[in-house]
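Commentary on secondary and tertiary structure
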2 protein chains.
Amino acid sequence: MPVYQKIAKELEDDLRHKYQAGDYLPSESQLAKYFQVNRHTVRRAIDELVTAGLILRHQGKGNMVLRQPADYYLHAGAHFTGNLLEQGSLPRCEVLQSRTLVASERLARKLDCEPESKIIHLRTYRKMDGVPRTVIDHYLSDYSWWPVIKHFQSGSLHNFIKKELGVELERKSTRLRAQIPNTEYCRLLQINSSIPLLIIRTTNVIKGTEKVAEYSSSNTRSDVIELVMEH
Amino acid sequence: MPVYQKIAKELEDDLRHKYQAGDYLPSESQLAKYFQVNRHTVRRAIDELVTAGLILRHQGKGNMVLRQPADYYLHAGAHFTGNLLEQGSLPRCEVLQSRTLVASERLARKLDCEPESKIIHLRTYRKMDGVPRTVIDHYLSDYSWWPVIKHFQSGSLHNFIKKELGVELERKSTRLRAQIPNTEYCRLLQINSSIPLLIIRTTNVIKGTEKVAEYSSSNTRSDVIELVMEH
DNA sequence: ACGAATTTGTACGTATGTATG
DNA sequence: CCATACATACGTACAAATTCG
């Protein structure tokens, strides 16, 4: 067995006993010194763990422990279970970035507004076990909401809008697909492209009207989720 | 953009125009010379394509082209769109096999019956453009239906059951996930393992009761489908 | 059957870029 | 601005698998 695989095994073992989710590994240089190998070899070993979803790389910061491999083996049976109908307004999400932008052709179509018009973009994420598992892009068609929306920090976006703007949103349609993640989502969710994403796209209207207020796209690692609908 | 990503892009472009599935790329050394970079850099670029499911490495032999990314670009526009709620009783499906079997632990749990009891298994498929896109496994808990069910050939299973057995089925729950296909489904759906499956599992009860009559698992190539719910 | 040439796989070393605190 | 840590890239060497004479 190659050296890097041995080190990967040993590290995986350490994850189980020495570290907890959220901890940072010793730096690659330190590990290289400890294992008496080149730093590349340690990196290769850590690559294995990243691919397995156990480690998250942070440039300039360090390699974070995502979860303990004990969880790992539960996988087959122990998926996080989400409700398909709750999806649009995740109760516990945090803002990754918020900004305004000019609507592309495609977004304008989704939001039923003019191309080139200014809209709001929020990117939020949801953690499980302290780690981002879902990244959601929200696009809001009403630019006048920006002074309020820009203060949204965490919690439920829909509740925030209801409370601060007095507007209640209602889901109009849901589209669902699975796809190999692009490089951006690979980075955000720390997976490689062997793990598909489950993508849920919803259109939300202002309650009781046909006016499209929000288009959102939620992207979840498919290895940790199973969506449920009870009829 | 890093050099290795540029090279990956260029190679991906070459896959579309210069190579066919089954071809071998020039050796890494040759590519390194051509791109005027170190062999490591080429390797890193090829790693990207391997991860994307486009290339297969063969030690001592070379790097084989698996498929052309041309398939990819059909995606966006050419999706089959299915309705999530129609799922249980596909109007046009054909029987691949039908048999009886003894319920495993897992199936018994799903069907709410005793392990080791005899149940019915139907495997059906649905074609689009002449190619199987969806394979559905139906498990029926009531073995006494077998003399009737075994004559089901094509059409809608639920309609058949209603007509021939006078029993109406009703969906109780739906679970949805995405997963890399196993070898059996790769064969059935004629894909390789880089295309995820969209899996919908439903539990159906006899209308108006809590009696579970059917558990079904539908497996669709995720590159040709988008599920829709209108609310 | 064997060895040489080719090709990918692993490992070491070094240097520089980029993000974080 | 600086130190630290990860990211990328160059170079070299040898091991392991495959092919072919």
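Cut-off values and rules
Every chain is numbered independently, its residues counted from 1 as its sequence is written. Labels follow written order: the first chain is A, the first ligand is 1, and so on. Side-chain atom pairs in this predicted model are given and counted only at pLDDT of 80 or more, local residue features only at pLDDT of at least 70, and totals for whole chains, interfaces and linings cover all residues. Side-chain numbers come from the whole structure's heavy atoms, not from hydrogens or water. Each helix is a run of DSSP H or I of at least 4 residues and each strand a run of E of at least 2, with the numbering of both proceeding from the N terminus. Helix span, expected: 1.5 Å multiplied by one less than the number of residues in the helix. Contacts: residue pairs with any heavy atoms within 4.5 Å of one another. In the analysis that follows, any N or O atom pair within 3.5 Å is treated as a polar contact, provided that within protein one partner can donate a hydrogen and the other can accept it, and provided that, for residues neighboring in sequence, both atoms belong to side chains. The salt bridge definition used is simple: a Lys or Arg side-chain nitrogen within 4 Å of an Asp or Glu carboxyl oxygen. Burial classification: accessible surface area is computed with a 1.4 Å probe over protein chains only, and a residue below 20% of its type maximum counts as buried, one above 50% as exposed, and the rest as partly exposed. Throughout this document, a residue counts as near a molecule or strand when at least one of its heavy atoms sits within 4 Å of that molecule or strand. Gly is put with the polar residues, along with every residue not named as nonpolar or charged; the nonpolar set is Ala, Val, Leu, Ile, Met, Phe, Trp, Tyr, Cys and Pro, and the charged set is Asp, Glu, Lys and Arg.

Under an unreviewed UniProt entry, the name given to chain A is Phosphonate metabolism transcriptional regulator PhnF, and the organism recorded is Photobacterium rosenbergii.

Residue and element names in this part refer to chain A. Helix length check: helix H3 (residues 39–51), at 13 residues, gives a terminal C-alpha distance of 18 Å against a target of 18 Å (1.5 Å per residue), a fit within 8%. Buried-residue contacts for H3 involve helix H1 (3–17), helix H2 (28–35), strand S1 (55–58) and strand S2 (62–65). Measuring from the side-chain oxygen of the N-cap residue of H3 to the backbone nitrogen of His 40 gives 2.9 Å; that N-cap residue is Asn 38.

Here the focus is the pattern of salt bridges. Residues and elements named next belong to chain A. This model, assessed by the stated rule, comprises 20 salt bridges over all chains. With a shortest N-O distance of 2.9 Å, Arg 57 and Glu 28 are connected by a salt bridge. With Arg 57 in strand S1 and Glu 28 in helix H2, the pair connects residues that are 29 residues apart, well separated along the chain. Of the two residues, Arg 57 and Glu 28, both sit in the buried class. Via salt bridges that share partners, Glu 28, Arg 39, Arg 43, Asp 47 and Arg 57 belong to a single interconnected network.

A word on the protein's contact with DNA strand D. DNA strand D sits among 23 residues. The nearest are Glu28(A), Arg43(A), Val3(B), Tyr4(B) and Thr41(B). What you see for DNA strand D is that sugar and phosphate hold 73% of its atoms within 4 Å of the protein. Taking Arg43(A), its side chain carries an N or O atom lying 2.7 Å from a phosphate oxygen of DNA strand D. Here a sugar or linking oxygen of DNA strand D and a backbone polar atom of Gly60(A) are 3.4 Å apart. For the surface near DNA strand D, the per-class residue count stands at 4 nonpolar, 12 polar and 7 charged.

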